[in-house]
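Coordinates in review
As a plain string of letters, each chain reads:
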Amino acid sequence: MRKVLTVLLALLTLCAAAPAAQAADSYREQLDDFSAYADSARLSAAYAPNPNGGTNTATLVPSPFGPGLGNAMALSYTLTGGYSGRSRPVNGYWPGLRAVELWVANATPGQDVLLQLSDGASYEAHLNAVPGFDPASAEPQHLKIPIGSFTPKAGTGTINTAGITSFALYVNQVGDVQEGRITVDEIELVFDEKPYVPEVSFPGGALTADRVGNLVTALNAAAVLPAGARIVQARYTSDNAAVLPSSADRFAPKGDFAGNGSALVRLQQLKLHQNGVTFTVDQDVSLRLRVRNVPPRVDVTAYLKGLTGRGMLSAMHHDQSYADPLNADVLHQRVANQFGVYPALYSADFLTGGTVPYRQNMIDEVRRQWAGGDLVQIMFHVSPPQYTVAQEREGGWGGDQAHETLPGPNRIFSYLYNDQWKELMTDGSPLNLNWKRRMDEYARHLQQLEDAGVTVLLRPFHEMNQHVFWWGGRPGLTGSAGLYRMFHDYMEVEKGLSNIVWVWNVQDLPDNYGRADGDPKFDRYEGLAGGLAEYDAGDWSSFSPGKDYYDVLSVDFYDPEGYAARHYEQARSIAKRDGKPMIIGETFVFPSQAEQAAQPDWTLAMPWGVRTWNHNTPEAMAEFYHHSIGAAGVPRLATRRNAIDALPRVSVEATSDAREPATDGVLTFVRPAHSAGEELTVRYAVHDDRDTRAGRDYAPLDGRVTFQAGRTTATETFRVLDRRGHSPAGRTVTVILLPGRGYRTSAPATATVRILPEG
């Protein structure tokens with residue numbers, strides 16, 4: 001009898017350890033059984049740690065969940081910061097996903113263990129809330145987690161199981177526990193039925209690309225595809241990088257040809273979009289590729305300008321973490337999965353705070369995007385200039401209310417008092433030197449792009465007509481535009497960077513913005529020592545760095561008024577005057593097809609990150625992306641090599657008007673800091689209007705002004721004379737810079753002083 005009981009107990013033990021029986025009416029796909037990894041190092045590379053939480057180690061161990069299961073993953077973790085975890089990217093086309101099943105053994109019972117799926121937003125299933133899970137047990141448990149258990153980490157929403165981009169395992173701290181261990185294995189996806197996957201074939205095994213610039217375009221032309229389907233991305237190897245570089249580790253949305261010739265291309269996977277759904281289609285196909293008459297590369301700025309009135313490029317800003325390099329294009333992938341278009345521009349950021357430790361990952365992704373044929377942009381949401389390179393790690397966004405900005409915190413929303421601004425703009429001052437050390441750090445990263453032949457759109461000090469940013473709200477060449485010019489000259493002349501397309505950016509602010517009456521946020525400066533003077537935020541030209549200092553005009557649209565015709569007309573006027581292309585630099589809401597038809601000169605529109613899905617319906621997003629130019633539609637792009645001109649550019653502006661009887665006007669001349677070591681004299685011509693004459697209305701000007709050594713500005717006093725009797729209204733005098741030795745004139749090279757009547 002004892003022997004029979006022993007046998008029965010052994011059988012029961014084996015049954016408890018064996019995987020649960022699979023339902024006959026379901027289809028299953030294995031997400032991970034951890035037996036395909038050669039060693040723990042390969043496992044750790046696949047499952048990247050979240051560096052913002054506690055440290056952890058992923059190790060391959062013999063599966064404790066039953067015989068014949070091979071390896072499992074053991075996660076040993078610390079809970080510094082309150083949590084710890086790892087994630088891996090997935091190409092998750094999982095429509096009809098009903099549940100996730102797995103084995104788990106929690107050696108540290110009581111902690112909050114969760115699985116996380118991301119479709120761009122994060123959705124979490126906390127095991128403690130899953131029916132059948134015993135949070136107090138350290139024994140093996142088999143769980144079936146319904147997809148409905150995955151709820152938004154923040155906000156609201158429903159997970160898109162046809163576009164999952166990452167899978168993660170996390171542990172949140174409960175109580176005083178500081179470390180622990182959890183083991184998982186046999187992670188499976190449960191479906192009602194096997195998802196439909198379309199078939200793709202390439203008859204003949206050959207691919208000829210004639211006057212075609214990239215592989216994806218050539219594949220679409222040659223493939224036999226189901227009705228309404230198109231290839232969006234591909235993974236492949238090539239035996240001839242001089243014709244086509246390989247893209248085996250990541251999906252390529254374009255695959256630019258490097259030159260004419262022949263290569264053997266082995267397709268591994270395709271992403272196919274059909275009827276609003278993206279499929280990942282496995283391939284094992286070798287094609288003999290012949291490329292001939294490959295189109296020449298085109299300059300980025302020339303391409304944008306050539307699109308004026310002819311088309312609009314798609315884009316997406318990556319406002320997500322760069323901690324995981326394999327997920328650095330997660331929003332681009334989300335757009336591609338949902339709408340079948342990989343956006344043509346990838347936008348990144350030197351963002352202060354939590355992004356600082358991962359700026360190298362950001363640069364690496366920008367380099368990868370350019371190599372893949374996308375346009376690339378970098379923005380600068382950075383700390384105020386009084387904070388050091390090291391202190392940028394402690395920065396952040398902050399709030400834009402007066403009590404938050406006026407103390408000058410290490411935040412993007414911050415304020416510089418007038419004396420601080422003057423010190424920043426004074427070459428060689430302590431604040432100026434600290435800012436130069438900061439610029440050195442940005443240049444160190446940008447140099448990597450220069451070395452790799454990457455042409456990057458650079459957008460420093462965006463929305464500079466908005467005063468809540470530390471760099472904004474100061475019109476004129478000694479204000480926000482002057483800071484932009486300083487940055488431009490430092491990067492090009494001092495650091496020798498020649499690969500930059502310079503983007504100047506303003507925002508569609510309300511008419512009363514920057515005014516004490518009508519702008520509640522401006523009240524903070526009234527009566528404040530060192531506060532801002534009122535200004536016209538709608539006069540975009542007053543914030544222009546000058547046409548020699550930028551390549552692309554960019555306008556951000558966030559005002560409830562939307563894409564107002566007056567904003568379009570002002571942008572169009574400036575772009576035409578300066579000979580520049582114009583783009584919609586940021587927006588939450590896409591321009592409709594009707595708005596694009598009414599405002600055809602916009603050549604690109606970039607939505608602001610993950611919140612795009614909160615501000616647009618799926619139908620509106622589909623309409624925009626389907627009618628705009630995606631990555632595969634962009635020609636091969638050329639590496640830019642700007643001619644670095646060390647000769648100083650000199651500009652002039654009227655910084656105050658004159659008024660009878662004795663209020664003088666002021667002309668301010670500016671030059672770059674790199675030329676400030678020596679005295680410089682520049683010449684100018686004076687032109688009166690028909691009602692104005694030197695000697696009667698103003699003291700004659702001698703047509704010469706001298707910059708003192710060490711100074712980047714020089715002023716000329718416009719001394720008004722009291723004209724007896726009737727003084728005509730609207731009298732003006734215009735100063736025009738003249739060419740001379742040792743400098744170049746640069747827009748604005750003319751300035752007009754008004755002589756206002758008494759009163």
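Please refer to the structure higher up on the page.
Within every chain, residues take consecutive numbers counted from 1 along the sequence as written. Local features are withheld for residues below a pLDDT of 70 in this predicted model, meaning they are given only at 70 or higher, and side-chain atom pairs are given and counted only at 80 or more; totals for whole chains, interfaces and linings count all residues. No hydrogens and no water enter the side-chain calculation; it runs on all heavy atoms of the structure.

Scanning the protein chain from N- to C-terminus turns up 14 helices and 34 strands. The principal-axis extent of the C-alpha atoms belonging to the protein chain is close to 130 × 65 × 45 Å. Accessible area is worked out with a 1.4 Å probe on protein chains only. A residue is then buried under 20% of its type maximum, exposed over 50%, and partly exposed in between. Residue burial in the protein chain is summarised as follows: out of 759 residues, 55% are buried. Any two residues having at least one pair of non-hydrogen atoms within 4.5 Å are treated as being in contact. Sequence-distant contacts, at least 24 apart, represent 74% of the contacts inside the protein chain between residues at least 6 apart. Helix and strand definitions here come from DSSP, where helices need a minimum of 4 consecutive H or I residues and strands a minimum of 2 consecutive E residues; each element is numbered from the N-terminal end.

The next subject is the environment of Pro-62. In this structure, Pro-62 sits in strand E3 (residues 56-62). Overall, the relative accessible area of 69% leaves Pro-62 in the exposed class. Along the sequence, Pro-62 and Ser-35 sit 27 residues apart, while their C-alpha atoms lie 9.4 Å from each other. The contact partners of Pro-62, leaving out residues within four places of it in the chain, are Gly-70, Asn-71 and Ala-72.

Moving on: unusual backbone geometry. For the bond from Glu-660 to Pro-661, the omega torsion is 10°, close enough to zero to count as cis. Among the secondary structure elements, Pro-661 is positioned in the loop between strand E27 (658-659) and strand E28 (665-670). Along the chain, Ala-747 connects to Pro-748 via a cis peptide bond; the corresponding omega equals 0°. Phi is positive for Asn-275, which is not a glycine, with a value near 50°. On the secondary structure map, Asn-275 appears in the loop between strand E16 (261-274) and strand E17 (277-292).

This part covers the sheet that holds E17. Pairing between two strands is assigned when DSSP locates at least 2 bridges connecting them. The 5 strands are arranged E13-E17-E16-E14-E15 in an open sheet whose pairing can be described as mixed. Pairing within the sheet leaves two strands with one partner each, and these edge strands are strand E13 (206-210) and strand E15 (247-252). Between one strand and the next, the sheet's axes are offset by a mean angle of 40°, whatever the strand orientation. Sheet topology places E16 next to E17; 13 bridges connect them, and they run antiparallel. Across the sheet, the residue bridging to Ser-262 is Arg-290, located in E17. For helices, the fitted axis covers only the stretch in contact; all axes are lines through C-alpha atoms, and the angles between them, taken along N-to-C directions, range from 0 to 180 degrees. Along the sheet, helix H5 (residues 330-339) contacts strand E14 (229-238), E16 and E17; its crossing angle with E16, the most-contacted strand, is approximately 70°.

A few words on the packing of helix H9 (residues 430-451) against helix H10 (residues 480-494). Axis separation between H9 and H10 bottoms out at 10 Å; the angle between their running directions is 55°. The angle between the axes of H9 and H10 places the two elements in the oblique class. Regarding H9 and H10, the two cross each other, and that crossing is right-handed. Residue-level inspection shows Asn-432, Trp-435, Lys-436, Met-439, Asp-440, Tyr-442, Ala-443 and Leu-446 of H9 in contact with H10, the latter providing Leu-483, Met-486, Phe-487, Tyr-490 and Met-491. We call two directions roughly parallel when the angle between them is under 35 degrees, roughly antiparallel when it is over 145, roughly perpendicular when it lies between 65 and 115, and oblique otherwise. Each helix crossing is assigned a hand: it is left-handed if the near helix lies turned anticlockwise from the far helix by less than a right angle, otherwise right-handed if that turn is clockwise.

This part is about the sheet that holds strand E22 (residues 500-507). Spatially, 8 strands are ordered E18-E19-E20-E21-E22-E23-E24-E25 in an open sheet, and the strand pairing comes out parallel. Looking at strand neighbours, the two that pair on one side only are strand E18 (315-317) and strand E25 (602-607), the edges of this open sheet. Averaged over all adjacent pairs, the angle separating strand axes in this sheet is 25°, with direction ignored. Note: E18 against strand E19 (residues 345-349), 3 bridges, orientation parallel. Counted as the bridge partner of His-317 is Ser-347 from E19. H10 rests against strand E21 (456-459) and E22 of the sheet, and its axis sits at about 170° to E22.

Describing an aromatic ring pair means giving the distance of the ring centres and the angle of the ring planes. Two rings from Phe, Tyr or Trp (for Trp, the six-membered ring) form a pair when their centres are within 6.5 Å of each other. A pair whose planes differ by under 30 degrees is stacked, one over 60 is edge-to-face, and the rest are tilted. Enumeration over the complete set of coordinates arrives at 38 aromatic pairs. With 5.5 Å between their ring centres and 25° between their planes, Phe-65 and Trp-103 make a pair best called stacked. Residue Phe-65 is found in the loop between E3 and strand E4 (71-78), and its partner Trp-103 is found in strand E6 (residues 97-106); the two are separated by 38 residues along the sequence. As far as the burial class goes, Phe-65 and Trp-103 line up, both buried. For the ring pair Trp-470 and Trp-471, a centre distance of 5.4 Å and an interplane angle of 80° mean the geometry is edge-to-face. Trp-471 sits in the buried class, given a relative accessible area of 0%. For a Lys NZ or an Arg CZ to count as sitting over a ring, it must be within 6 Å of the ring centre and within 35 degrees of the ring normal. Positioned above the aromatic ring of Tyr-550, the side-chain terminus of Lys-580 is 5.3 Å from the ring centre.

A separate point is the packing of helix H6 (residues 359-371) against H9. Running from amino to carboxyl end, H6 crosses H9 at an angle of 25°, the nearest separation of the two axes being 10 Å. Viewed along their axes, H6 and H9 adopt a mutual orientation that is roughly parallel. In this structure, H6 meets H9 at a crossing whose hand is right-handed. Contacts between H6 and H9 involve Arg-359, Gln-360, Ile-363, Val-366 and Arg-367 on the former and, on the latter, Tyr-442, His-445, Gln-448 and Leu-449. Here the residues of the contact of H6 with H9 sort into 4 nonpolar, 3 polar and 2 charged. All amino acids are sorted into three groups, where Ala, Val, Leu, Ile, Met, Phe, Trp, Tyr, Cys and Pro are nonpolar, Asp, Glu, Lys and Arg are charged, and the leftover types, Gly among them, are polar.

Between Lys or Arg on one side and Asp or Glu on the other, a salt bridge is scored when a side-chain nitrogen of the former is within 4 Å of a carboxyl oxygen of the latter. Per the stated rule, a full pass over the model turns up 34 salt bridges. For Asp-364, the salt bridge identified is with Arg-367, shortest N-O distance 2.6 Å. With Asp-364 and Arg-367 both in helix H6 and 3 residues apart, this pair spans about one turn of that helix. Judged by relative accessible area, which is 29%, Arg-367 ranks as partly exposed. Of the charged contacts, one joins Asp-556 and Arg-459 as a salt bridge, the two residues approaching to 3.1 Å between their closest N and O atoms. Of this pair, Asp-556 sits in strand E23 (residues 552-557) while Arg-459 sits in strand E21, and the two are 97 residues apart along the sequence. For Asp-556, a relative accessible area of 0% puts it in the buried group. Exposure remark for Arg-459: the relative accessible area of 0% places this residue in the buried category. The network of salt bridges with common partners includes Arg-250, Asp-329, Glu-365 and Arg-368.

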